[in-house]
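Listed here are the chains, written in short residue letters.
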2 protein chains.
Amino acid sequence: MRPGPRRSFTHAEILDAAFDLLETKGFAAVSVRGVAGSLGITPTALYTYYSSKNALLRGMIEHLLARLDLRAPGGSDSVEAPDAAAIRRRIVTLALRLRELLTAHTGALGLIMSGPLDGPNAMRLNETLLESFTAAGLAVDDAARAAYALQVYALGSIALESADQDADPDAAAPTDGLFPDASGTALWTDLATFPLSSRTAHVVAQHNSTDQFVWGLERLLDGLVPQP
Amino acid sequence: MRPGPRRSFTHAEILDAAFDLLETKGFAAVSVRGVAGSLGITPTALYTYYSSKNALLRGMIEHLLARLDLRAPGGSDSVEAPDAAAIRRRIVTLALRLRELLTAHTGALGLIMSGPLDGPNAMRLNETLLESFTAAGLAVDDAARAAYALQVYALGSIALESADQDADPDAAAPTDGLFPDASGTALWTDLATFPLSSRTAHVVAQHNSTDQFVWGLERLLDGLVPQP
DNA sequence: ACCTGAACACCGTTCAAGT
DNA sequence: ACCTGAACACCGTTCAAGT
């Protein structure tokens, strides 16, 4: 085909197309060629909008975080000075919403890993967490560390969950001695070698659940927010 | 070249070659073709040892975790019943060693994301954490959740740090309005919109530090291990 | 300014064929 | 059993050229 008439896309249209690909065909399908193809343009034309694939991926994170509801849960009756329980509830709700948002899209975690979370919407989230932690009584520097720790926990949780879900048929291989001469100390025999791990296998099986996420989150908050 | 005489490699030799590539040329260089090439064989020959690239990556994680020192720090004088402080010190040391191990190798985080941590050496780590948490007085089910939460925190921390380090020249793009028509609610102006984030910018600048890692880890442990 | 077409230097994986 | 060579269906990115 020849150049034809000039077409033009907004960044939002391009990102929408990218998310369509992400949801229907997975993270691997979100390629420069793939996104360009679904828009009906050539891969090189996409470089007019995003200077690299990484820039496109970072745009997608922002697009996703723009949809994160940062409002406090429940009360349309906005209390001026919410109590400690309400603040805590807000943080937990925020973390759960972030988790939902990122686990709803297959491979969204791959987006997070593509670069730092420093876009405007990532900062909106950070600012909201800072507000909550200072409202909970933390000094501003401690609130910053707490907000970071909370994001670390939330993203780490999503990362491990998605890694677990990517279990492939090759999973059987490691059980029959992957490193016959690796270190000598690590001789894999069977589950009996790890008594505690076997006894808690039923707990491990639920690691991916929301309950496990909330449990750890609550313990982290126990440590972060000083108890009265 | 013709087939030539039969060459044979151990899994350890292949993984060593893969880690050489990882350290000298980065995660992208750890390709089936790349690893095979550094061994002097054809890409297809590598499929004799590992049935997929993912299986190779999972082998690398295990290779790495085999080098994780799980021993309690300090005491050659092994006390029979260590006190709470010693147990806590051991967990922190373990987390720091894990962090060192994974941050020492560029792109090691990419390995973690390639599949579930269910190899023998990953289980060795899990078992050690379970021992520590039960020794700290936790019921076995809670110990399992605690061990998982701790790994979530450690890996999440490493993930965010490596994402921050991958900052590229495209980072300037998002600051001048990436989504002019995305949602309408997210209008990016300047840092003044996020007063708390600006006030804590100096703390954020140290997010990558070991201090930040330990601070959050200590808070998590505050919540995980019941205080006397 | 926006787009095309061709090209460069790569990927993971499969398959028939050799020894 | 272990390996090669060719092939398939892809990648991200660059560049000269068109309108």
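Screw-axis analysis of chain A against chain B gives a translation of 0.0 Å along the axis, an RMSD of 0.0 Å, and a rotation angle of 180°. Here the two chains are linked by the operation of a two-fold rotation axis. Judged by C-alpha distance, Gly156 of chain A is the residue of chain A that lies nearest the rotation axis, at 1.7 Å. Taken together, the interface assignments show that 100% of the residues at the interface of chain A recur at the interface of chain B, consistent with an identical surface on both copies.

Next up on the list: the interface of chain A and chain B. The partner chain B presents 79 residues to the 79 residues of chain A that form the contact. Roughly 7,000 Å² of surface becomes buried between chain A and chain B when both sides are summed, with 69% attributable to carbon and sulfur atoms. Counting every contact that joins chain A to chain B gives zero salt bridges. Between chain A and chain B we count seven residue pairs in polar contact (both at pLDDT 80 or more) in total. Tallied by class, the residues present in the side of chain A that touches chain B amount to 38 nonpolar, 23 polar and 18 charged.

Before going further, it helps to examine the domain arrangement of chain A. All names here are of chain A. If you check the domain split of chain A, you get domain 1 (11-65) and domain 2 (84-167 + 174-222). Each partner contributes to the interface: domain 1 provides 12 residues, whereas domain 2 provides 20 residues. Buried surface at the junction of domain 1 and domain 2, summed over both partners, amounts to about 1,400 Å²; 65% is from carbon and sulfur atoms. Inspection of the domain 1/domain 2 interface yields one salt bridge. For Asp118, the salt bridge is made with Arg58, and the minimal N-O distance between the two is 3.4 Å.

Residues and elements named next belong to chain B. Relative orientation of the contacting elements helix α1 (residues 11-25) and helix α4 (residues 53-65) amounts to 90°, with a least axis distance of 10 Å. As the angle between them shows, α1 and α4 are arranged roughly perpendicular. On α4, the residues touching Ala12, Ile14, Leu15, Asp16, Ala18, Phe19 and Leu22 of α1 are Leu56, Gly59, Met60, His63 and Leu64. Partitioned by chemical class, the residues of the contact of α1 with α4 number nine nonpolar, two polar and one charged.

Quick notes on the rules
- Residues numbered from 1 in each chain as written.
- Chains lettered and ligands numbered in written order.
- Predicted model: local features only at pLDDT ≥ 70, side-chain atom pairs only at ≥ 80, totals over all residues.
- Heavy atoms only, no water.
- Least-squares fit on C-alpha atoms with pLDDT ≥ 70 in both.
- Contact = heavy atoms within 4.5 Å.
- Buried area = accessible area lost by both parts, 1.4 Å probe.
- Salt bridge = Lys/Arg side-chain N within 4 Å of Asp/Glu carboxyl O.
- Polar contact = N/O pair within 3.5 Å; in protein donor to acceptor, adjacent residues only side chain to side chain.
- Nonpolar A, V, L, I, M, F, W, Y, C, P; charged D, E, K, R; others polar.
- Domains from an automatic or database assignment.
- Axes fitted to C-alpha atoms, helices over the stretch in contact; angles between N-to-C directions.
- Helix = DSSP H or I, 4+ residues; strand = E, 2+ residues; numbered from the N terminus.
- Parallel < 35°, antiparallel > 145°, perpendicular 65-115°, else oblique.

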